[in-house]
Structure formats: C-alpha cells, structure tokens
Amino acid sequence: MEQWKMSILVGVVLIVLAATFAILRKSISIWTILIIILAIIDIALGLYRKNR
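All of these numbers come straight from a predicted model, not from anything done at the bench.

What counts as what
Residues numbered from 1 in each chain as written. Predicted model: local features only at pLDDT ≥ 70, side-chain atom pairs only at ≥ 80, totals over all residues. Heavy atoms only, no water. Helix = DSSP H or I, 4+ residues; strand = E, 2+ residues; numbered from the N terminus. Buried < 20%, exposed > 50% of the residue type's maximum accessible area, 1.4 Å probe, protein only. Areas by Shrake-Rupley, 256 points an atom, 1.4 Å probe, with all protein chains shown as cover. Expected span 1.5 Å × (residues − 1). Arc of directions from axis to C-beta. Contact = heavy atoms within 4.5 Å.

Colleague: Help me out: how do you make sense of the overall build of the chain in this one?
Modeller: Within the chain one finds 2 helices and 0 strands. Overall size of the chain, expressed as C-alpha extent along the three principal axes, is 40 × 20 × 10 Å. Looking at the 52 residues of the chain, the share that counts as buried comes to 15%. Put simply, the chain shows about 4,200 Å² of open surface, and 73% of that area lies on carbon and sulfur atoms.

Colleague: Is there a simple way to explain helix H2 (residues 30-51) in this structure?
Modeller: For an α-helix the count is 3.6 residues per turn, leaving residues at separations of three or four pointing the same way. The first and last C-alpha atoms of H2 sit 32 Å apart over 22 residues, in line with the 32 Å expected at 1.5 Å per residue. Those residues of H2 lying buried are Thr32, Ala39, Ile43 and Gly46. End-on view of H2: buried residues confined to an arc of 60°, all on one side of the axis. Residues Ile30, Leu38, Tyr48 and Asn51 are exposed on H2 and point more than 90 degrees away from its buried face.

Colleague: For this particular structure, what's the right way to read the side chain of Ser7?
Modeller: Note that Ser7 resides in helix H1 (residues 3-25). With near-sequence residues (within four places) excluded, Ser7 lies in contact with Asp42, Gly46 and Arg49.

Colleague: What am I meant to see in the side chain of Thr32 here?
Modeller: Residue placement: Thr32 occurs in helix H2. Thr32 sits in the buried class, given a relative accessible area of 5%. With near-sequence residues (within four places) excluded, Thr32 lies in contact with Ala18, Phe21 and Ala22.

Colleague: Please explain unusual backbone geometry as it appears in this structure.
Modeller: Outside of glycine, negative phi angles account for most residues, and trans bonds account for most peptide bonds. Backbone geometry places Lys26, a non-glycine residue, at a positive phi of 60°. Position of Lys26 relative to the elements: it lies in the loop between H1 and H2. Taking relative accessible area as the criterion, Lys26 reaches 74% and is therefore assigned exposed.

Pasting the structure below:
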C-alpha cells in the first residue's frame, strides 16, 4: 500500500478509536483530544503527499 494511503488510513482509525474510547468513558480527556489532533495532522500529511 502506498505511503499516503497508509497515513490516511491510520489517521481515520485513530479518530474512530479515540471517539469510541470517549463515548465509552462518557468524557473527553486531554489525551483523547491530543490523539484526535495527531490523527488530523496525519491525514493532512497523507493528503499533502498524495498531491505532491
């Protein structure tokens, strides 16, 4: 699998896992927010690599 596709896939999986964890705990911690931010950065870098 190409690097940019893997980067986007990992970012999406991280967001889904963080959202699931937050729903199960019924609260959002700073760590969950950091994971979501890192996942968004990972997706953005994947899209940047695709367009380059």
